[in-house]
Amino acid sequence: CRVQQWDSEEPVPRAELLAGVAGAHGLLCLLSDRIDREVLDAAGPGLKVISTLSVGFDHLALDEIKKRGIRVGYTPDVLTDATAELSVALLLSACRRLPEAAEQVRSGGWTTWKPLWMCGHGLSDSTVGIIGLGRIGQAVARRLKPFGVRKFLYTGSGPKPESAAEFGAEFVPLTRLAEESDFVVVTCALTPATQGMCNKDFFGRMKKTSVFVNTSRGAVVNQEDLYEALAQGQIAAAGLDVTTPEPLPTDHPLLSLKNCVILPHIGSATYATRSTMAVLAARNLLAGLRGEPMPHELAL
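These figures come from a predicted structure and were not determined experimentally.

**Regarding the packing of aromatic side chains**
1) Next: Counted by the stated rule, this structure contains six aromatic pairs.
2) Next: Consider the rings of Phe202 and Phe212, whose centres lie 6.2 Å apart with planes at 70 degrees: the pair is edge-to-face. Here Phe202, found in helix α9 (residues 200-205), pairs with Phe212, found in strand β8 (residues 211-214); they are 10 residues apart in sequence, far enough to count as distant. This pair shows no difference in class: Phe202 is buried, exactly as Phe212 is.
3) Next: A ring pair is formed by Phe203 and Phe212, whose centres lie 5.2 Å apart and whose planes are at 85 degrees; its orientation type is edge-to-face.
4) Next: Aromatic ring contacts, followed pair by pair, group Phe202, Phe203 and Phe212 into a single cluster.

Dropping the structure here:
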């Protein structure tokens, strides 16, 4: 293959992408690259395969891609464990107020031991609601179970009795999950059905002591509604690894809140995981160019 590479950690500028893709037979992209009709037109009819270095594919214009008969490879499974670990870390950081507590040490706010100072909420004997019991959702539940979680609830496009059996998880409507969960973890894909599903009504149903965590996609959450819920004490805390937009502007209202922990989309950011993702993305691309089955092909 003749390879043209954008050799930078920063996303390829739009103009460079449009120029670089012209005449290409294959495209290896990141989730920060919006692959829409304009890019597909710039590539021309020779484009046969797109390989994305991600498990998510909401940055791809799938209808247009399918219409043109282009195959798509992606990288599920390999980032499941890393993202689940990060989800648990974010949950614990938010519910036990770790960033806030660390800042008190640095700023001199730590004066002596006090009975209720820096108290948070624990997982033991809690109810955890998981939105999207897919690979990552199951991996999160598997890691949370040893903390002494009393009950798991989940919601999604339909019941998954085989997957849920391991945790004794109960399939419930979104409204009931919001009302009964002490912790809500969002691990679903971004689709028209899930966009903005965590909104004012959802947060209004949650307990005042509940903690909300999102490691899926930022657009699943209405961030203005989340800000209001956190600022008014409607829910206790939130942990986000994904936002809209990304990066989040440094003057965004959510960043002014002590009870909101925000990370820069590092769910899969372990050296081993990113290396495995890169190799898989390359193998998907090469298999697609050869007309062979991909290790992981998205069914369009």
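**Regarding the domain arrangement of the protein chain**
1) Next: Segmentation of the protein chain into domains returns domain 1 (14-77 + 270-298) and domain 2 (79-262).
2) Next: Taking only C-alpha atoms into account, the centre of domain 1 sits 31 Å from that of domain 2.
3) Next: In this complex, domain 1 contributes 11 residues to the contact, which on the side of domain 2 involves six residues.
4) Next: Carbon and sulfur atoms make up 56% of the area that domain 1 and domain 2 hide from each other, which totals about 810 Å².
5) Next: Linking Arg135 and Asp77 is a salt bridge whose minimum nitrogen-to-oxygen distance equals 2.3 Å.
6) Next: For the interface between domain 1 and domain 2, the tally reads four residue pairs in polar contact (both at pLDDT 80 or more).
7) Next: When its residues are assigned to classes, the side of domain 1 that touches domain 2 shows five nonpolar, four polar and two charged.

**Section: the sheet that holds strand β2 (residues 49-52)**
1) Next: In space, the three strands of this open sheet follow the order β1-β2-β3, with parallel pairing throughout. Every other strand in the sheet has two partners, leaving β1 (26-29) and β3 (71-73) as the edge strands with one partner each. If you compare each strand with its neighbour and ignore which way they point, the axes differ by 15 degrees on average.
2) Next: Looking at chain direction, β1 and β2 are connected through four bridges and run parallel. Paired with Gly26 across the bridge in β2 is Val49.

**Comments concerning the side chain of Asp225**
1) Next: Residue placement: Asp225 occurs in helix α10 (residues 223-231).
2) Next: Although Asp225 is buried, it forms no salt bridge, and the closest oppositely charged side chain is Lys200 at an N-O distance of 6.4 Å.
3) Next: A polar contact is formed between the side chain of Asp225 and the backbone nitrogen of Lys200, at a distance of 2.8 Å.

**Regarding the UniProt feature "domain: D-isomer specific 2-hydroxyacid dehydrogenase catalytic" (unreviewed entry) in the protein chain**
1) Next: Mapped onto this numbering, the UniProt entry gives "domain: D-isomer specific 2-hydroxyacid dehydrogenase catalytic" (unreviewed entry) at residues 10-297.
2) Next: Taken end to end, residues 10-297 is 36% helix and 13% strand, and its first and last C-alpha atoms sit 26 Å apart.

**Regarding the nonpolar core**
1) Next: Within the largest apolar cluster, 29 residues are counted, with the highest numbers of intra-cluster contacts made by Leu91, Leu123, Val128, Leu144, Phe152, Phe183 and Val211.
2) Next: For Leu144, the contacting residues outside a window of four places in its chain are Val88, Leu91, Leu123, Val128, Val149 and Phe152.

**Here we look at the pairing of β2**
1) Next: Of the two faces of β2, the one lined by Val49 and Ser51 and the one lined by Ile50 and Thr52 are each fully buried.
2) Next: You can see the chain leave β1, run along helix α2 (residues 37-43) and come back into β2, and the turn it takes is right-handed.
3) Next: Note that β2 and β3 share three bridges and pair parallel. Each bridged residue has a counterpart across the sheet, and for Ser51 the counterpart in β3 is Gly73.
4) Next: Considered for its hand, the β-α-β crossover made up of β2, helix α3 (residues 62-67) and β3 is right-handed.

**Overview of the sheet that holds strand β4 (residues 127-131)**
1) Next: In space, the seven strands of this open sheet follow the order β6-β5-β4-β7-β8-β9-β10, with parallel pairing throughout. Two strands close off the open sheet at either side, each with one partner strand: β6 (170-171) and β10 (260-262).
2) Next: Pairing analysis gives four bridges linking β4 to strand β7 (residues 183-186), with the strands arranged parallel. Across the sheet, the residue bridging to Ile130 is Val185, located in β7.

**Looking at helix α4 (residues 80-95)**
1) Next: Here α4 is 16 residues long and its end C-alpha atoms lie 22 Å apart, about the 22 Å a rise of 1.5 Å per residue gives.
2) Next: Across the 16 residues of α4, 12 count as buried, placing the element largely inside the fold.
3) Next: Those residues of α4 that sit buried are Thr80, Ala82, Thr83, Ala84, Leu86, Ser87, Val88, Leu90, Leu91, Ser93, Ala94 and Cys95.
4) Next: Once α4 finishes, Arg97 follows within two positions and takes phi at roughly 60 degrees, a positive value.

About the cut-offs
- Residues numbered from 1 in each chain as written.
- Predicted model: local features only at pLDDT ≥ 70, side-chain atom pairs only at ≥ 80, totals over all residues.
- Heavy atoms only, no water.
- Phe/Tyr/Trp six-rings, centres within 6.5 Å; stacked < 30°, edge-to-face > 60°.
- Helix = DSSP H or I, 4+ residues; strand = E, 2+ residues; numbered from the N terminus.
- Buried < 20%, exposed > 50% of the residue type's maximum accessible area, 1.4 Å probe, protein only.
- Domains from an automatic or database assignment.
- Contact = heavy atoms within 4.5 Å.
- Buried area = accessible area lost by both parts, 1.4 Å probe.
- Salt bridge = Lys/Arg side-chain N within 4 Å of Asp/Glu carboxyl O.
- Polar contact = N/O pair within 3.5 Å; in protein donor to acceptor, adjacent residues only side chain to side chain.
- Nonpolar A, V, L, I, M, F, W, Y, C, P; charged D, E, K, R; others polar.
- Pairing = 2+ DSSP bridges.
- Axes fitted to C-alpha atoms, helices over the stretch in contact; angles between N-to-C directions.
- Lys, Arg positive; Asp, Glu negative; His and termini not counted.
- UniProt positions renumbered as here; feature names shortened; annotations may be inferred.
- Core = buried A, V, L, I, M, F, W, Y, C linked by side-chain atoms within 4.5 Å.
- Right-handed = clockwise from strand over helix to strand, strands pointing away.
- Expected span 1.5 Å × (residues − 1).

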